[in-house]
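# Remarks on the overall topology
Chain residues, written in single-letter form:
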Amino acid sequence: MKNLTLAGLIALLLNAAGALINYLYFRANNTLLIKWSSHGGEITVEHGFGGISATHIYGMMPGDVTTHSLRFSPSVFLISFVLTFAVVYLVLRLVRRAG
């Protein structure tokens, strides 16, 4: 139980730090630093660490405007948290087993 609680806290802190880094990087560069992207036509969606998602819609005609938006996505947060939790938990188990 101790490993589960510790892994959960570490995963939450890593996700919060990743979300903060992504937010600050987006504010400066209109893109996420830690991400995976989906491309399609005039749109790119970036899903980032900690549940941050950015949408970029590119203007395709001379008068069109390119827009960038940022939002929090609970489903991306859960995926990010669960994957981080699993990695941290496995590392903690390996460290305790070796020590």
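Everything here concerns the structure above.
Notes on the structure in this doc start here.

Definitions and limits used
Throughout, residues of each chain are indexed from 1 in the direction in which the sequence is written. Reporting of local features is limited, given that this is a predicted model, to residues whose pLDDT is at least 70; pairs of side-chain atoms are given and counted only at 80 or more, and all residues count toward the totals for whole chains, interfaces and linings. Only hydrogens and water are set aside; all other atoms, that is, all heavy atoms of the structure, feed into the side-chain values. Here the rule is simple: two strands pair whenever DSSP picks up at least two bridges between them. Strands here mean DSSP runs of E at least two residues long; helices mean DSSP runs of H or I at least four residues long; both are numbered from the N terminus. In this analysis an axis means a line fitted to C-alpha atoms, helices contributing only their contacting stretch, and an angle means the value between N-to-C directions, from 0 to 180 degrees. The set of buried Ala, Val, Leu, Ile, Met, Phe, Trp, Tyr and Cys residues whose side-chain atoms join them within 4.5 Å is what this entry labels a nonpolar core. Per-residue accessibility, obtained with a 1.4 Å probe over protein chains only, is compared with the maximum for each type, and a residue is labelled buried under 20%, exposed over 50%, and partly exposed between these values. By the convention used here, residues are in contact when the closest approach between their heavy atoms is within 4.5 Å. When the centres of two rings from Phe, Tyr and Trp lie within 6.5 Å, Trp using its six-membered ring, the rings pair. Their planes under 30 degrees apart give stacked, over 60 give edge-to-face, and anything left gives tilted. We count a salt bridge whenever a side-chain nitrogen from Lys or Arg sits within 4 Å of a carboxyl oxygen from Asp or Glu.

## Here we look at the sheet that holds strand β1 (residues 35-40)
The strand order β1-β2-β3-β4 describes an open sheet built from four strands, whose pairing is antiparallel. Each having just a single partner strand, β1 and β4 (67-72) make up the two edges of the open sheet. The mean angle between the axes of side-by-side strands here comes to 15 degrees, regardless of whether they run parallel or antiparallel. Examined bridge by bridge, strand β3 (residues 52-57) and β4 share six bridges and lie antiparallel to one another.

## Overview of the nonpolar core
Grouped together as the largest cluster of nonpolar side chains are five residues: Ala19, Phe26, Leu32, Ile52 and Ala54. Taken together, the elements giving at least two residues each to this core come down to α1 (2-29) and β3. Setting aside chain neighbours within four positions, we find Phe26 in contact with Thr31, Leu32, Ala54, His56, His68, Ser69 and Leu70.

## So, the packing of aromatic side chains
For any two aromatic rings, the description comes down to two numbers: the centre-to-centre distance and the angle of the planes. Enumeration according to the criterion identifies four aromatic pairs in this entry. Seen in terms of ring centroids, Phe77 and Phe81 are 6.1 Å apart; in terms of plane orientation they differ by 20 degrees. Their pairing is stacked. Within this pair, Phe77 and its partner Phe81 are both found in helix α2 (residues 74-98), separated by four residues, close to a single helical turn. On the basis of relative accessibility, which here comes to 22%, the residue Phe77 falls in the partly exposed class. The partly exposed category is assigned to Phe81, whose relative accessible area is 21%.

## Some points on the environment of Asn30
With respect to the element layout, Asn30 can be found in the loop between α1 and β1. What makes Asn30 partly exposed here is its relative accessible area of 36%. Not counting chain neighbours up to four residues away, the residues in contact with Asn30 comprise Tyr25, His56 and His68.

## A few points about the environment of Trp36
Counting through the fold element by element, Trp36 comes out in strand β1. With a relative accessible area of 43%, Trp36 lands in the partly exposed category. Sequence-wise, Trp36 and Asn3 are 33 residues apart; in three dimensions their C-alpha atoms are separated by 29 Å. Other than its neighbours up to four places away in sequence, Trp36 contacts Val45, Glu46, His47 and Val76.

## Let's talk about the pattern of salt bridges
Per the counting criterion, the structure on display carries one salt bridge. Linking Glu46 and Lys35 is a salt bridge whose minimum nitrogen-to-oxygen distance equals 3.1 Å. A residue pair is termed long-range when its members are at least 10 positions apart, and Glu46 in strand β2 (residues 43-48) and Lys35 in strand β1 qualify at eleven residues. Judged by its relative accessible area of 36%, Lys35 falls in the partly exposed class.

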